[in-house]
Amino acid sequence: MSLPQHVASPTKPDLPQRRALQGFGRTILGWGEGNLRDLPWRRTRDPWHILLAEVALQQTQAARVAERFVELTTAMATPTATVHLGKAGVISLWSGLGYNSRAVRLFQTAERLVESFDGEVPGTNAELQSLPGIGPYTAAAIEAFAFERDVAVYDTNVARVIARAVLGAPTSTKVGFELARSMVPKHSGWLFNQAMLDFGATLCTARSPSCERCPLRRRCAWRNSGDEQDPARTTAGTARPQGRFEGSARQGRGRMIERLRRSSATFEELRTATGWDDDAQVATQLNDLMTAGLLSKRGAKYFLG
Ligand code: SF4
(Lines give C-alpha, C1' and ligand atoms only; values in the text may rest on other atoms or scores of the structure.)
Protein backbone atom coordinates (compact mmCIF):
# COMPACT_ATOMS: atom_id res chain seq x y z
CA MET A 1 0.00 0.00 0.00
CA SER A 2 1.40 3.42 -0.91
CA LEU A 3 1.37 6.55 1.15
CA PRO A 4 -1.76 8.70 0.85
CA GLN A 5 -1.82 11.09 -2.06
CA HIS A 6 -1.49 14.69 -0.99
CA VAL A 7 -2.60 18.01 -2.40
CA ALA A 8 -0.89 21.34 -1.95
CA SER A 9 -2.19 23.29 1.01
CA PRO A 10 -1.33 26.63 2.57
CA THR A 11 -0.94 24.84 5.91
CA LYS A 12 1.74 22.32 6.85
CA PRO A 13 1.55 19.42 6.35
CA ASP A 14 -0.24 18.97 3.00
CA LEU A 15 -3.65 17.43 3.52
CA PRO A 16 -4.59 14.01 2.11
CA GLN A 17 -7.10 13.91 -0.73
CA ARG A 18 -10.68 12.95 -0.05
CA ARG A 19 -10.24 9.55 -1.71
CA ALA A 20 -7.34 8.70 0.58
CA LEU A 21 -9.33 9.82 3.61
CA GLN A 22 -12.25 7.63 2.57
CA GLY A 23 -9.80 4.73 2.31
CA PHE A 24 -8.72 5.33 5.92
CA GLY A 25 -12.40 5.53 6.91
CA ARG A 26 -13.27 2.22 5.28
CA THR A 27 -10.32 0.47 6.92
CA ILE A 28 -11.31 1.75 10.36
CA LEU A 29 -14.90 0.71 9.68
CA GLY A 30 -13.78 -2.80 8.68
CA TRP A 31 -11.66 -3.07 11.81
CA GLY A 32 -14.64 -1.98 13.92
CA GLU A 33 -16.85 -4.74 12.51
CA GLY A 34 -14.93 -7.34 14.48
CA ASN A 35 -13.28 -5.45 17.28
CA LEU A 36 -15.72 -3.16 19.08
CA ARG A 37 -15.69 -3.34 22.86
CA ASP A 38 -18.95 -4.61 24.32
CA LEU A 39 -20.16 -1.54 26.21
CA PRO A 40 -23.72 -1.26 27.53
CA TRP A 41 -24.49 2.10 25.90
CA ARG A 42 -23.76 0.51 22.54
CA ARG A 43 -26.81 -1.73 22.94
CA THR A 44 -29.26 1.17 23.01
CA ARG A 45 -30.26 4.06 20.77
CA ASP A 46 -32.29 5.79 23.51
CA PRO A 47 -31.08 9.42 23.16
CA TRP A 48 -31.45 10.17 26.89
CA HIS A 49 -29.46 7.08 27.89
CA ILE A 50 -26.79 7.93 25.30
CA LEU A 51 -26.67 11.51 26.62
CA LEU A 52 -26.30 10.20 30.17
CA ALA A 53 -23.47 7.85 29.14
CA GLU A 54 -21.66 10.60 27.25
CA VAL A 55 -21.83 13.00 30.20
CA ALA A 56 -20.46 10.26 32.48
CA LEU A 57 -17.72 9.37 29.97
CA GLN A 58 -16.53 12.98 29.76
CA GLN A 59 -14.30 12.51 32.80
CA THR A 60 -14.73 8.92 33.98
CA GLN A 61 -13.15 5.78 32.52
CA ALA A 62 -15.38 3.62 30.30
CA ALA A 63 -15.01 0.55 32.54
CA ARG A 64 -16.29 2.46 35.59
CA VAL A 65 -19.22 3.95 33.66
CA ALA A 66 -20.05 0.50 32.26
CA GLU A 67 -20.35 -0.92 35.80
CA ARG A 68 -22.88 1.75 36.72
CA PHE A 69 -24.79 2.20 33.45
CA VAL A 70 -27.75 -0.07 34.23
CA GLU A 71 -28.17 1.39 37.71
CA LEU A 72 -28.05 4.96 36.36
CA THR A 73 -30.42 4.39 33.47
CA THR A 74 -32.85 2.51 35.68
CA ALA A 75 -33.03 5.29 38.29
CA MET A 76 -32.92 8.04 35.63
CA ALA A 77 -34.85 6.17 32.95
CA THR A 78 -36.23 9.37 31.37
CA PRO A 79 -35.72 13.13 31.79
CA THR A 80 -39.04 13.22 33.68
CA ALA A 81 -37.95 10.46 36.06
CA THR A 82 -34.69 12.35 36.60
CA VAL A 83 -36.54 15.53 37.53
CA HIS A 84 -38.72 13.53 39.94
CA LEU A 85 -35.59 12.13 41.56
CA GLY A 86 -34.58 15.70 42.50
CA LYS A 87 -31.18 17.36 42.30
CA ALA A 88 -29.98 15.83 45.60
CA GLY A 89 -31.09 12.40 44.40
CA VAL A 90 -29.10 12.73 41.17
CA ILE A 91 -25.98 13.95 43.03
CA SER A 92 -26.36 11.04 45.43
CA LEU A 93 -26.64 8.57 42.54
CA TRP A 94 -23.48 9.99 40.97
CA SER A 95 -21.38 8.61 43.85
CA GLY A 96 -18.10 7.07 42.71
CA LEU A 97 -18.09 8.72 39.28
CA GLY A 98 -16.24 11.89 40.34
CA TYR A 99 -16.61 15.46 39.07
CA ASN A 100 -19.97 15.85 40.80
CA SER A 101 -20.88 19.08 39.01
CA ARG A 102 -21.80 16.87 36.06
CA ALA A 103 -24.68 15.48 38.15
CA VAL A 104 -25.99 19.02 38.62
CA ARG A 105 -25.75 19.74 34.90
CA LEU A 106 -27.45 16.44 34.09
CA PHE A 107 -30.32 17.35 36.40
CA GLN A 108 -30.53 20.82 34.83
CA THR A 109 -30.57 19.22 31.38
CA ALA A 110 -33.45 16.95 32.42
CA GLU A 111 -35.33 20.02 33.67
CA ARG A 112 -34.75 21.84 30.36
CA LEU A 113 -35.91 18.82 28.37
CA VAL A 114 -39.11 18.55 30.42
CA GLU A 115 -39.77 22.31 30.26
CA SER A 116 -38.86 22.99 26.63
CA PHE A 117 -38.77 19.72 24.66
CA ASP A 118 -41.71 17.66 25.99
CA GLY A 119 -39.29 15.50 27.96
CA GLU A 120 -37.44 14.33 24.80
CA VAL A 121 -33.84 14.81 23.69
CA PRO A 122 -33.91 17.15 20.64
CA GLY A 123 -32.48 16.06 17.32
CA THR A 124 -30.50 19.04 16.04
CA ASN A 125 -26.92 19.86 16.91
CA ALA A 126 -27.80 23.47 17.85
CA GLU A 127 -30.57 22.34 20.21
CA LEU A 128 -28.27 19.76 21.78
CA GLN A 129 -25.55 22.34 22.36
CA SER A 130 -28.10 24.66 24.01
CA LEU A 131 -28.43 22.14 26.86
CA PRO A 132 -26.38 22.57 30.08
CA GLY A 133 -22.99 20.85 29.87
CA ILE A 134 -23.43 19.67 26.27
CA GLY A 135 -20.57 20.93 24.09
CA PRO A 136 -19.65 20.16 20.46
CA TYR A 137 -18.17 16.73 21.27
CA THR A 138 -21.13 15.45 23.29
CA ALA A 139 -23.65 16.88 20.81
CA ALA A 140 -21.90 15.07 17.93
CA ALA A 141 -21.73 11.85 19.98
CA ILE A 142 -25.50 11.98 20.60
CA GLU A 143 -26.12 12.63 16.90
CA ALA A 144 -23.93 9.69 15.87
CA PHE A 145 -24.78 7.18 18.60
CA ALA A 146 -28.48 7.88 19.18
CA PHE A 147 -29.63 9.20 15.79
CA GLU A 148 -27.04 7.31 13.69
CA ARG A 149 -26.01 10.37 11.69
CA ASP A 150 -22.89 10.56 9.54
CA VAL A 151 -21.16 13.19 11.68
CA ALA A 152 -17.61 13.05 13.09
CA VAL A 153 -17.11 12.49 16.81
CA TYR A 154 -13.75 14.11 17.54
CA ASP A 155 -12.10 13.33 20.85
CA THR A 156 -8.56 12.83 22.13
CA ASN A 157 -8.37 9.28 20.71
CA VAL A 158 -9.50 10.39 17.27
CA ALA A 159 -7.11 13.35 17.28
CA ARG A 160 -4.23 10.98 18.01
CA VAL A 161 -5.12 8.60 15.14
CA ILE A 162 -5.47 11.48 12.67
CA ALA A 163 -2.15 13.03 13.70
CA ARG A 164 -0.30 9.73 13.42
CA ALA A 165 -1.94 7.71 10.68
CA VAL A 166 -3.38 10.35 8.36
CA LEU A 167 -0.95 13.27 8.67
CA GLY A 168 2.19 12.02 10.37
CA ALA A 169 2.31 15.48 11.87
CA PRO A 170 0.67 17.50 14.68
CA THR A 171 -2.59 19.20 13.80
CA SER A 172 -5.11 21.71 15.07
CA THR A 173 -8.58 20.72 16.27
CA LYS A 174 -10.13 22.52 13.30
CA VAL A 175 -8.09 20.66 10.66
CA GLY A 176 -8.27 17.34 12.54
CA PHE A 177 -12.03 17.60 12.83
CA GLU A 178 -12.43 18.39 9.11
CA LEU A 179 -10.29 15.36 8.22
CA ALA A 180 -12.33 13.13 10.55
CA ARG A 181 -15.49 14.40 8.86
CA SER A 182 -14.20 13.41 5.44
CA MET A 183 -13.41 9.91 6.70
CA VAL A 184 -16.97 8.98 7.76
CA PRO A 185 -18.27 6.35 5.29
CA LYS A 186 -21.84 7.01 4.09
CA HIS A 187 -24.64 5.57 6.25
CA SER A 188 -22.08 4.21 8.73
CA GLY A 189 -21.75 7.09 11.20
CA TRP A 190 -22.61 4.95 14.22
CA LEU A 191 -20.18 2.10 13.55
CA PHE A 192 -17.40 4.27 12.13
CA ASN A 193 -17.32 6.59 15.15
CA GLN A 194 -17.49 3.75 17.66
CA ALA A 195 -14.67 2.04 15.76
CA MET A 196 -12.60 5.22 15.62
CA LEU A 197 -12.91 5.73 19.39
CA ASP A 198 -11.94 2.12 20.12
CA PHE A 199 -9.14 2.16 17.55
CA GLY A 200 -7.52 5.02 19.44
CA ALA A 201 -8.37 3.63 22.89
CA THR A 202 -7.19 0.05 22.35
CA LEU A 203 -4.82 -0.10 19.35
CA CYS A 204 -3.29 3.27 18.53
CA THR A 205 -2.90 4.09 22.22
CA ALA A 206 -1.09 7.13 23.59
CA ARG A 207 1.83 5.30 25.18
CA SER A 208 2.35 2.11 23.18
CA PRO A 209 0.57 1.81 19.84
CA SER A 210 0.24 -1.79 18.59
CA CYS A 211 1.59 -1.05 15.10
CA GLU A 212 2.45 -4.69 14.32
CA ARG A 213 -1.24 -5.70 14.35
CA CYS A 214 -2.64 -2.42 13.02
CA PRO A 215 -4.63 -2.57 9.75
CA LEU A 216 -3.31 0.91 8.88
CA ARG A 217 0.36 0.09 9.39
CA ARG A 218 1.28 0.07 5.68
CA ARG A 219 -0.26 3.46 5.03
CA CYS A 220 0.34 5.08 8.43
CA ALA A 221 2.04 8.39 7.66
CA TRP A 222 3.95 8.49 10.94
CA ARG A 223 5.24 4.89 10.71
CA ASN A 224 6.26 5.39 7.10
CA SER A 225 8.06 8.63 7.87
CA GLY A 226 10.51 6.90 10.22
CA ASP A 227 10.23 9.95 12.47
CA GLU A 228 10.92 9.17 16.14
CA GLN A 229 8.89 12.13 17.34
CA ASP A 230 5.24 11.17 17.99
CA PRO A 231 3.07 13.83 16.27
CA ALA A 232 0.21 13.11 18.69
CA ARG A 233 2.22 14.59 21.55
CA THR A 234 1.89 18.11 20.23
CA THR A 235 -1.54 17.75 18.62
CA ALA A 236 -4.33 19.92 20.01
CA GLY A 237 -6.77 17.99 22.16
CA THR A 238 -4.54 15.00 22.84
CA ALA A 239 -2.78 16.27 25.99
CA ARG A 240 -4.72 15.95 29.20
CA PRO A 241 -2.63 17.29 32.03
CA GLN A 242 -3.98 15.88 35.29
CA GLY A 243 -3.31 17.85 38.43
CA ARG A 244 -2.24 15.97 41.56
CA PHE A 245 -5.37 14.61 43.29
CA GLU A 246 -3.96 13.67 46.71
CA GLY A 247 -4.33 16.64 49.04
CA SER A 248 -6.03 18.76 46.37
CA ALA A 249 -9.08 21.00 46.77
CA ARG A 250 -10.89 18.57 44.45
CA GLN A 251 -10.23 15.72 46.85
CA GLY A 252 -11.54 17.79 49.78
CA ARG A 253 -14.69 18.79 47.88
CA GLY A 254 -15.27 15.15 46.93
CA ARG A 255 -15.01 14.09 50.57
CA MET A 256 -17.54 16.72 51.63
CA ILE A 257 -20.03 15.56 48.99
CA GLU A 258 -19.43 11.95 49.99
CA ARG A 259 -20.16 12.87 53.64
CA LEU A 260 -23.38 14.66 52.62
CA ARG A 261 -24.52 11.61 50.67
CA ARG A 262 -24.96 9.91 54.06
CA SER A 263 -26.83 12.80 55.75
CA SER A 264 -26.83 16.56 56.28
CA ALA A 265 -23.82 17.86 58.22
CA THR A 266 -22.46 20.85 60.09
CA PHE A 267 -19.38 22.85 59.11
CA GLU A 268 -17.31 20.98 61.71
CA GLU A 269 -18.48 17.59 60.46
CA LEU A 270 -17.57 18.54 56.91
CA ARG A 271 -14.17 19.81 58.00
CA THR A 272 -13.56 16.46 59.71
CA ALA A 273 -14.56 14.68 56.48
CA THR A 274 -11.94 16.61 54.50
CA GLY A 275 -9.17 15.92 57.01
CA TRP A 276 -8.19 19.61 56.80
CA ASP A 277 -7.60 21.84 59.81
CA ASP A 278 -7.84 25.15 57.96
CA ASP A 279 -11.33 26.69 58.44
CA ALA A 280 -10.79 29.24 55.69
CA GLN A 281 -9.94 26.51 53.18
CA VAL A 282 -13.06 24.54 54.15
CA ALA A 283 -15.23 27.69 53.89
CA THR A 284 -13.84 28.52 50.43
CA GLN A 285 -14.57 25.04 49.11
CA LEU A 286 -18.06 25.00 50.65
CA ASN A 287 -18.73 28.30 48.95
CA ASP A 288 -17.58 26.90 45.60
CA LEU A 289 -19.81 23.84 46.05
CA MET A 290 -22.81 26.06 46.81
CA THR A 291 -22.08 28.24 43.78
CA ALA A 292 -21.92 25.08 41.64
CA GLY A 293 -25.36 24.07 42.95
CA LEU A 294 -24.05 20.94 44.64
CA LEU A 295 -25.14 21.83 48.15
CA SER A 296 -27.21 24.30 50.14
CA LYS A 297 -27.30 25.50 53.73
CA ARG A 298 -30.30 25.65 56.04
CA GLY A 299 -29.61 26.89 59.56
CA ALA A 300 -26.34 25.34 60.74
CA LYS A 301 -26.60 22.34 58.41
CA TYR A 302 -25.45 21.69 54.88
CA PHE A 303 -27.48 19.50 52.48
CA LEU A 304 -26.91 17.97 49.06
CA GLY A 305 -28.55 19.83 46.18
S1 SF4 B 1 0.56 1.94 12.56
FE2 SF4 B 1 0.81 2.39 14.74
S3 SF4 B 1 0.86 4.62 14.89
FE4 SF4 B 1 0.04 4.11 12.88
S5 SF4 B 1 -2.19 4.11 13.16
FE6 SF4 B 1 -1.48 2.00 13.45
S7 SF4 B 1 -1.15 1.80 15.68
FE8 SF4 B 1 -1.28 3.99 15.19
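Since this is a predicted model, take the numbers as computed values, not measurements.

Draft legend 1. Summary view of the site of the ligand. Every residue lining the ligand is accounted for by Arg164, Ala165, Cys204, Pro209, Cys211, Cys214, Arg217, Cys220, Trp222 and Arg223. Contributions of two or more residues to the shell around the ligand are made by helix H9 (156-167) and helix H12 (221-225). Residues belonging to the shell around the ligand are distributed by class as follows: seven nonpolar, no polar and three charged.

Draft legend 2. Summary view of the environment of Leu128. Structurally, the position occupied by Leu128 is in helix H7 (residues 125-129). Note on Leu128: relative accessible area 0%, which makes it buried. Contacts of Leu128, omitting those with residues within four sequence positions, involve Val121, Pro122, Ile134, Ala139, Ile142 and Glu143.

Draft legend 3. Region of interest: the sheet that holds strand S5 (residues 301-304). An order of S3-S5-S4 is seen for the three strands of this open sheet, with the pairing classed as antiparallel. The open sheet terminates on both sides in strands that have one partner only, identified here as strand S3 (265-266) and strand S4 (295-298). In this sheet, S5 lies alongside S3 in antiparallel orientation, the contact comprising two bridges. In the sheet register, Ala265 faces S5, and the bridge partner there is Tyr302. Seen against the sheet, helix H13 (residues 249-262) touches S3, S4 and S5 and runs at an angle of roughly 90° to S5.

Draft legend 4. Seen up close, the pattern of salt bridges. Counted according to the given criterion, the structure contains eleven salt bridges. Residue Arg43 is joined to Asp38 by a salt bridge in which the shortest nitrogen-to-oxygen separation is 3.1 Å. The exposure classification of Arg43 matches that of Asp38, with both residues exposed. Close ionic contact of Glu258 with Arg261 constitutes a salt bridge, the shortest N to O distance being 2.6 Å.

Draft legend 5. Inspection of the packing of helix H14 (residues 267-274) against helix H15 (residues 279-291) at higher detail. The geometry of H14 relative to H15 is characterised by a closest axis approach of 10 Å and an angle of 100° between their N-to-C directions. With respect to their mutual orientation, H14 and H15 come out roughly perpendicular. Of the residues in H15, those touching H14 at Phe267, Leu270, Arg271 and Thr274 are Asp279, Val282, Ala283 and Leu286. For the contact of H14 with H15, a count of residues per class yields five nonpolar, one polar and two charged.

Draft legend 6. Just the side chain of Asn193, in detail. In this structure, Asn193 sits in helix H11 (residues 189-203). Discounting chain neighbours no more than four positions away, the residues touching Asn193 are Ala144, Phe145, Val151, Ala152 and Val153.

Draft legend 7. Representation of the packing of aromatic side chains in the model. Scanning all chains against the criterion turns up three aromatic pairs. Judged by centre distance (5.3 Å) and plane angle (85°), the rings of Trp31 and Phe199 are edge-to-face. Placement of the pair is Trp31 in helix H1 (residues 18-35) and Phe199 in helix H11, with a sequence separation of 168 residues. Considering the side-chain rings of Tyr154 and Phe177, the 6.3 Å spacing of their centres and the 85° angle between planes classify their relative orientation as edge-to-face. Here Tyr154, found in the loop between helix H8 (136-145) and H9, pairs with Phe177, found in helix H10 (residues 173-183); they are 23 residues apart in sequence, far enough to count as distant. The buried category is assigned to Tyr154, whose relative accessible area is 12%. Note that Arg219 overlies the ring of Phe24, its terminal NZ or CZ placed 5.3 Å from the centroid.

Draft legend 8. Local environment of the confidence of the model for the chain. Of all residues in the chain, 93% attain a pLDDT of 70 or more, and the chain-wide mean is 92. Here strand S1 (residues 6-7) is the element of the chain with the lowest mean pLDDT, 40, and helix H4 (residues 79-85) is the one with the highest, 98. Segment residues 1-12: pLDDT under 50, and 24 contacts once partners within four positions in sequence are set aside and those in other chains are kept.

Definitions and cut-offs
Residues numbered from 1 in each chain as written. Predicted model: local features only at pLDDT ≥ 70, side-chain atom pairs only at ≥ 80, totals over all residues. Heavy atoms only, no water. Near = heavy atom within 4 Å. Helix = DSSP H or I, 4+ residues; strand = E, 2+ residues; numbered from the N terminus. Nonpolar A, V, L, I, M, F, W, Y, C, P; charged D, E, K, R; others polar. Buried < 20%, exposed > 50% of the residue type's maximum accessible area, 1.4 Å probe, protein only. Contact = heavy atoms within 4.5 Å. Pairing = 2+ DSSP bridges. Axes fitted to C-alpha atoms, helices over the stretch in contact; angles between N-to-C directions. Salt bridge = Lys/Arg side-chain N within 4 Å of Asp/Glu carboxyl O. Parallel < 35°, antiparallel > 145°, perpendicular 65-115°, else oblique. Phe/Tyr/Trp six-rings, centres within 6.5 Å; stacked < 30°, edge-to-face > 60°. Lys NZ or Arg CZ within 6 Å of the ring centre and 35° of its normal. pLDDT = per-residue confidence, 0-100.

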